[in-house]
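Here's the letter readout for the chains.
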Amino acid sequence: MSQPLRAKAVTAVQDADVVEVNNLSKVPDADAEVEVAAVTPAKREEPVVTRRELWSYYLYYNGDNGVGPNGYSMTLFQNLATSAGWDPSQGPGSTCTTSEQCVLPWGGGTKSVSSIVLIANGLSFAIMTLIFTTIGSAADYGTFGRWLLLVITVICWAAQFASMALTTPSRWGAAMAIYIISFVSYGATLVFYAAAFPRLARNTPHARHLREKLENKEISPEEYELEESLEKNRVSNISTWHSNIGYIFVLCLNLSILLPLVNNPLVDNYTMVLTNMYWIILGIWWFIFQQPRPGPPLPKGEHYVTVGWKQIWIALRQWKKLPYTFVYLFAFFLLSDGLNTTGTLISICQNDQFQFSFLKNTYLGLAQAFTSTASTIGFWWIQKYWKIPTKRMFVFTNVVTILIPLWGMIGLWTMKFGFHNTWEFWAYNVVFGLFQAPYYAFSQTMMAELAPPGFDNMFFGLFGLSNRASSMIGPNVIQAIINNTQNNWMGFPFLFALCTAASLVIWFGVDVEKGRRDAVVWAEQNRSYAETGVYVEDDASLDSKDYGKKS
């Protein structure tokens, strides 16, 4: 939630049911006009997406909204750790007031609770990196990706149920382990769920109709490109909207436990179980109604565990042929690191401010969820009405991504602003909902437009690596800063610089139109993947300057 040696074939991972391509453009050549085809011939027809399948896809994301593994799990872990810790100025046995001035035994010494939470966060992202690099790309072979998502989902469900055992401060270590398992499996579900998006979006009835109209020359290539991009955004935004609706509904549902059982010591544990049950009830249908769109069989002599590393090597070697795709992946790596770590740091501050209250965090979550839902639909309507390119919409959301850590940085110099007051956390959740929910939808669509069609898990595996696993850097840097300064706010300057640098690269260094053209050419050059699943050095393959040349 994610790389040939001459005279030697190595395996690559690719979708066997090739491939729709997004652009038709003319490339000047000294001898002849060159056309980049809008649609490459399909080797095996993929089934058209049914209404039932599409709705099950949306409902999975409705349940996989992150309230439990991405929200409550961390709050419960931080609460138990703070209750078990002591104030370093008063020694063991004293009571902590905030997690930044609260320490626990760690590695022969002590470490602040805030630092331990960030270490757990960074360790989670490191494990995600291992998962995505080892087995992520292998999801393109056969039906492995389908079963991989199921297994990881079940692991996350089991970890959430295990939270019922977290009842005393002495179990803060177990809480840390359950949080890591929950967060890692949750992040992995997002990546492998998103990897199904390109195949789904290019096989909706409307997308198929557009392709037929293009082939019959009823619409121009430019019209096809725009409408096809809007169709991808439609599916992406509706799925994001469903996630937000699920966020709202499950938080409201949780109030049915949090309010009447407010004084029950196990109310937080009961709430996590209820949240998990909601996901199970809605998420199971995707595994029942998803239609088979398998990739090629795993080549002889290869293994699912090792093929992913070869795939990454193959993918990374394409950076010269797909420069804008890899510039985007690199910049998004940094941007995700900054945004994810900023969210974790603000959550730590928020939990301190509201004394780890599930009830108050639920109210704050509702504020974010309502604004997220409205903004997802609103941004989609604005884009559709004025036909605004995806990158321009994404850039607009990036501005807010930069302003959030900047606001926290102000808190270094004054107590009046900078996440020191209750109203600021309300404002943060509203602003985050308004601008960062569309951020996730547009970032996914940007990747779909820059990735060679048909190579979904190959490049979405790298995207997942950028989006989730990147954040093993930020938390480790920030935890060291906080542990040395005993000040949570000292982490914001680094995060502001990280988000700003990454955003500037995306704004000025990524040309989506040229990147899409490069992806089309690369996909056509490597169409043999669809038949064999084996990558061969393409010295004799079609060069971009000759691609589509009229004879």
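Residues numbered from 1 in each chain as written. Predicted model: local features only at pLDDT ≥ 70, side-chain atom pairs only at ≥ 80, totals over all residues. Heavy atoms only, no water.

Counting secondary structure elements, the protein contains 19 helices and six strands. Counting over 551 residues, the protein shows a buried share of 58%. Carbon and sulfur atoms make up 64% of the accessible area of the protein, which amounts to about 21300 Å² in all. (Helix = DSSP H or I, 4+ residues; strand = E, 2+ residues; numbered from the N terminus. Buried < 20%, exposed > 50% of the residue type's maximum accessible area, 1.4 Å probe, protein only. Areas by Shrake-Rupley, 256 points an atom, 1.4 Å probe, with all protein chains shown as cover.)

With 124 residues, the main nonpolar core has Phe-77, Tyr-328, Phe-394 and Phe-459 as its most contacted residues. Ranked by the residues each element gives to this core, the list is headed by helix H5 (residues 172–194), at 15 residues. Excluding residues within four positions of it along the chain, Tyr-328 makes contact with Phe-394, Ser-443, Met-446, Met-447, Leu-450, Phe-463, Ile-506 and Val-510. (Core = buried A, V, L, I, M, F, W, Y, C linked by side-chain atoms within 4.5 Å. Contact = heavy atoms within 4.5 Å.)

Take helix H2 (residues 68–84) next. Along its 17 residues, H2 runs 22 Å from first to last C-alpha, staying within 8% of the 24 Å computed at 1.5 Å per residue. Of all 17 residues making up H2, 12 are buried, and the element is well covered by its neighbours. Taken residue by residue, H2 has Gly-68, Pro-69, Tyr-72, Ser-73, Met-74, Thr-75, Leu-76, Phe-77, Gln-78, Leu-80, Ala-81 and Thr-82 as its buried positions. (Expected span 1.5 Å × (residues − 1).)

Right, let's talk about the environment of Thr-390 for a bit. Within the secondary structure layout, Thr-390 lies in helix H13 (residues 390–410). In this structure, the C-alpha to C-alpha distance between Thr-390 and Leu-230, residues 160 residues apart in sequence, is 8.7 Å. Excluding residues within four positions of it along the chain, Thr-390 makes contact with Ser-229, Asn-233, Gln-383, Phe-442, Thr-445, Met-446 and Glu-449. Only 3.4 Å separates the side chain of Thr-390 from the side chain of Glu-449, close enough to count as a polar contact. (Polar contact = N/O pair within 3.5 Å; in protein donor to acceptor, adjacent residues only side chain to side chain.)

On to the state of the cysteines. Tallying each qualifying case throughout the model produces one disulfide. Covalent S-S linkage joins Cys-96 and Cys-102, the inter-sulfur distance amounting to 2.1 Å. For the disulfide bridge between Cys-96 and Cys-102, the dihedral angle about the S-S bond is near 75°, and by the sign convention the bridge is right-handed. By the burial criterion, Cys-96 is buried, and Cys-102 matches it. (Disulfide = S-S within 2.5 Å.)

As a further point, take the packing of helix H4 (residues 144–162) against H5. At a closest axis distance of 8 Å, the pairing of H4 and H5 adopts a crossing angle of 150°. Classified by the angle between their axes, H4 and H5 sit roughly antiparallel to one another. The way H4 lies across H5 gives a crossing that is left-handed. Where H4 abuts H5, its residues Leu-148, Leu-149, Ile-152, Thr-153, Ile-155, Cys-156, Ala-159, Gln-160 and Ala-162 lie against Ile-178, Ile-181, Ser-182, Ser-185, Tyr-186, Ala-188, Thr-189, Phe-192 and Tyr-193. Its residues placed into classes, the contact of H4 with H5 shows 13 nonpolar, five polar and no charged. (Axes fitted to C-alpha atoms, helices over the stretch in contact; angles between N-to-C directions. Parallel < 35°, antiparallel > 145°, perpendicular 65-115°, else oblique. Left-handed = near helix turned anticlockwise from the far one by under 90°. Nonpolar A, V, L, I, M, F, W, Y, C, P; charged D, E, K, R; others polar.)

A word on the pairing of strand S5 (residues 109–112). Pairing of strand S4 (residues 103–106) with S5, which is carried by four bridges, proceeds in the antiparallel orientation. Bridging across to S5, Leu-104 finds its partner in Lys-111. A loop of two residues connects S4 with S5, the two strands running antiparallel in sequence, and Gly-107 in this loop sits at a positive phi of about 55°. (Pairing = 2+ DSSP bridges.)

Each aromatic ring pair is described using two quantities: the centre-to-centre distance and the angle formed by the ring planes. For the structure shown, the criterion picks out 39 aromatic pairs. Ring geometry for Tyr-60 and Trp-279: centres 6.1 Å apart, planes at 75°, overall edge-to-face. Of this pair, Tyr-60 sits in helix H1 (residues 51–63) while Trp-279 sits in helix H9 (residues 267–289); the two residues are 219 residues apart in sequence, bridging distant segments of the chain. Classification of Tyr-60 by relative accessible area gives buried; the value is 0%. The interplanar angle of 85° and the centroid separation of 5.8 Å between the aromatic rings of Phe-459 and Trp-522 together place this pair among those described as edge-to-face. Of this pair, Phe-459 sits in helix H15 (residues 456–467) while Trp-522 is found in helix H18 (residues 512–525), placing the two residues 63 residues apart along the sequence. With respect to class, Phe-459 is no different from Trp-522; both count as buried. Feature note: the residues Trp-55, Tyr-57, Tyr-58, Tyr-60, Tyr-61, Trp-157, Tyr-193, Trp-279, Trp-286 and Phe-287 constitute an aromatic cluster, connected by ring pairs. (Phe/Tyr/Trp six-rings, centres within 6.5 Å; stacked < 30°, edge-to-face > 60°.)

Summed over all chains, the structure comprises seven salt bridges. In this structure, the salt-bridge partner of Glu-227 is Lys-387, at a minimum N-O distance of 3.6 Å. A residue pair is termed long-range when its members are at least 10 positions apart, and Glu-227 in helix H8 (residues 221–258) and Lys-387 in the loop between helix H12 (358–386) and H13 qualify at 160 residues. Looking at Glu-227, the relative accessible area reads 27%, which means it is partly exposed. With relative accessibility at 41%, the residue Lys-387 sits in the partly exposed group. Of the charged contacts, one joins Glu-231 and Arg-234 as a salt bridge, the two residues approaching to 3.0 Å between their closest N and O atoms. With Glu-231 and Arg-234 both in helix H8 and three residues apart, this pair spans about one turn of that helix. Residues joined by salt bridges that share partners form a network here, namely Glu-449, Glu-513 and Arg-516. (Salt bridge = Lys/Arg side-chain N within 4 Å of Asp/Glu carboxyl O.)

It is worth spelling out a nonpolar patch on the surface at this point. Residues Trp-381, Ile-382, Tyr-385 and Trp-386 make up a contiguous nonpolar surface patch of about 510 Å² in total accessible area. On the secondary structure map, Trp-381 appears in helix H12. (Patch = residues over 30% accessible without salt bridge, like charges linked within 9 Å, V, L, I, M, F, W, Y side chains within 5 Å.)

Glancing now at empty space enclosed by the protein. Of the volumes computed, that of the second largest cavity is approximately 290 Å³. Those elements giving two or more residues to the lining of the second largest cavity turn out to be H4 and helix H6 (197–201). Counting residues per element, the lining of the second largest cavity draws most heavily on H4, which supplies three residues. (1 Å grid on protein atoms, 1.4 Å probe; cavity = no way out; pocket = protein on both sides within 12 Å on 5 of 7 lines; lining within 4 Å. Points joined across faces, edges and corners; volume = space filled by probe spheres on them.)

For any two helices packed against each other, one specifies the crossing angle of their axes together with the interaxial distance. Packing of H13 against helix H14 (residues 422–450) brings their axes to within 8 Å, and their N-to-C directions diverge by 145°. As for how H13 packs across H14, the hand of that crossing is left-handed. The class makeup of the residues in the contact of H13 with H14 is 15 nonpolar, seven polar and three charged.

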